[in-house]
Amino acid sequence: MALVKISEILGGDCTDKQVSVRGWVYRKRQGKELIFLVVRDATGVIQCTVKKANATAWAEAEKLTIESSLTLEGVAKPDTRAPGGYEIAAEAVSIIGLAEVFPIAKDKSEEFIRDMRHLWLRSRKMNVVMDVRAKVLEYSREYFRKTCFTEVSPPMFISAAVEGGSTLFGLKYFDQTLYLTQSSQLYLEILIYSLENVYCIAPSFRAEKSRTIRHLTEYWHMEAEWPFADMNDLMKFEEGLMEHICKRTAEDCQKEFAELGADISKLAQVQVPFPRITYAEAIDRLKAKNSALKWGDDLGYEDEKLLAEEFGKPFFVYDYPKAIKAFYCKTRRDQPEIALSVDMMVPRIGEISTGGQREEDKDQLIQRMKEQELKPEDYEWYLDLRRYGTVPHVGFGMGVERLLVWMLDLDNIIDAIPFPRTTRRFYP
Ligand code: ATP
Ligand code: MG
């Protein structure tokens, strides 16, 4: 008998054939003559019926509890009443692992479900989100490969803060203090001198106290750096990457979006070129909406959301005041107060990436460090990159979970990662 995946049955590949599926009991309803089981595997759920007339299968099915694992054999038939349009008329049921009473039920609170993350990940919602997450990572890698980028593996333990400041996690490393990386950028910058176009998809850690729908303390960061490029090259690359990810997702993930009730049509609107506005224009637009923001202020979540409403799709904001940007941002030679930095924003979430041109001149870089009260001696190796064959270069970092929150219309970033870490959540 053919062992099949549930998606094969739902796709119509097994109609009227004898099949065997392996999975877990998702729902169960027992009538007088019929037991309805909804069985799930990694690929979907299917309704199965067990008739009382089949005494052996019936006895086994009666014992089944929610989340018991099983093998079920029978004939796959189209049935318009069944969710998904197919049903298995079971002929044999065999329990693999009988489950104790499953703690997650409809009446449970959100807090309880978060404590039960290890079990909640079996829900269809989480199953589908994790599936799309894996695909989005795959499409991203596809684009990087197509554009001749090499994937690299930067360290997570670092000895100096990338940007310094309050969101750094320190940790005991034998008898010294180290930090968990907030960004791999500086390490990618090292690697451009040999590999040229490089990227990584790796964790970044931020001691973010703010509890928002867009902050985690550990998130996955898609970062890239490359030499001989400017701001225009950077924005072109980023919009190309986004267009590719959205196009591939729209082609490939229709069922997943339908199951989540997420709007897939917004992905079709992601087409290059993206709208680009300067920071100064963003401030003007916000002022026109009665914002009290003035030139020099950083854009907050509410400001970004307000701006994004006008576009209804991804767009860029570039040319920020240098005072609100990191020391490594190159400044405009014709307007030294402006940093060559760019954020990509999307509706509902605001910023999903920050990138920019990196300062390639050693003296300018030292000057910028001093302005920000950083010690150049802490960055000797970083300065070496400007001493030996410096090149103009650019790079960006995009939060994988933020991207997913937008794509999948999720309410909260914690649903975009299997084991979310926030100020209060680190279990399991
Ligand atoms: P924000 O101002 O929204 O906190 P940021 O400007 O401090 O973000 P960057 O240092 O620019 O963040 O990081 C690059 C990208 O990484 C961001 O655009 C965002 O997509 C993602 N990111 C940053 N911090 C977090 C976080 N705490 N949780 C999830 N993703 C994050
Ligand atoms: Mg940023």
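Anything mentioned here points back to the structure above.
Please read all numbers here as calculations on a predicted model, not as lab measurements.

Participant: How should I be thinking about a nonpolar patch on the surface in this particular structure?
Facilitator: Side chains of Phe-157, Tyr-173 and Phe-174 sit close together on the surface and give an oily, nonpolar patch of about 350 Å² of accessible area. Locating Tyr-173 in the fold gives a position in strand E9 (residues 170-173).

Participant: Which parts of the structure should I look at to understand the sheet that holds strand E10 (residues 176-180)?
Facilitator: Hydrogen bonds along the backbone pair up the strands of a sheet, which may run parallel or antiparallel. Taken together, the 3 strands give an open sheet; going across it, the order is E8-E10-E9, and neighbouring strands pair in antiparallel fashion. One side of each edge strand has no neighbouring strand; the edge strands of this open sheet are strand E8 (157-158) and E9. Bridge count for E8 against E10 is 2 bridges, and the pairing is antiparallel. Paired with Ile-158 across the two strands is Tyr-179, which belongs to E10.

Participant: Would you explain the nonpolar core in this entry?
Facilitator: Judged by nonpolar contacts, the single largest core of 56 residues is most densely connected at Phe-144, Trp-226, Met-242, Phe-396, Leu-403 and Trp-406. Listed by contribution, the elements that provide at least two residues to this core are helix H5 (124-146), strand E11 (198-205), strand E12 (218-227), helix H7 (231-252), strand E15 (338-346), strand E17 (393-399) and helix H14 (400-407). Counting residues per element, this core draws most heavily on H5, which supplies 10 residues. In this structure, Met-242 is in contact with Val-270, Phe-274, Pro-314, Met-344, Val-346, Ile-352, Met-398, Leu-403 and Trp-406, ignoring residues within four places of it in sequence. Judged by nonpolar contacts, the second largest core, of 24 residues, contains Val-19, Ile-35, Ala-57 and Ala-76.

The rules behind each value
Residues numbered from 1 in each chain as written. Chains lettered and ligands numbered in written order. Predicted model: local features only at pLDDT ≥ 70, side-chain atom pairs only at ≥ 80, totals over all residues. Heavy atoms only, no water. Patch = residues over 30% accessible without salt bridge, like charges linked within 9 Å, V, L, I, M, F, W, Y side chains within 5 Å. Areas by Shrake-Rupley, 256 points an atom, 1.4 Å probe, with all protein chains shown as cover. Salt bridge = Lys/Arg side-chain N within 4 Å of Asp/Glu carboxyl O. Helix = DSSP H or I, 4+ residues; strand = E, 2+ residues; numbered from the N terminus. Pairing = 2+ DSSP bridges. Core = buried A, V, L, I, M, F, W, Y, C linked by side-chain atoms within 4.5 Å. Buried < 20%, exposed > 50% of the residue type's maximum accessible area, 1.4 Å probe, protein only. Contact = heavy atoms within 4.5 Å.

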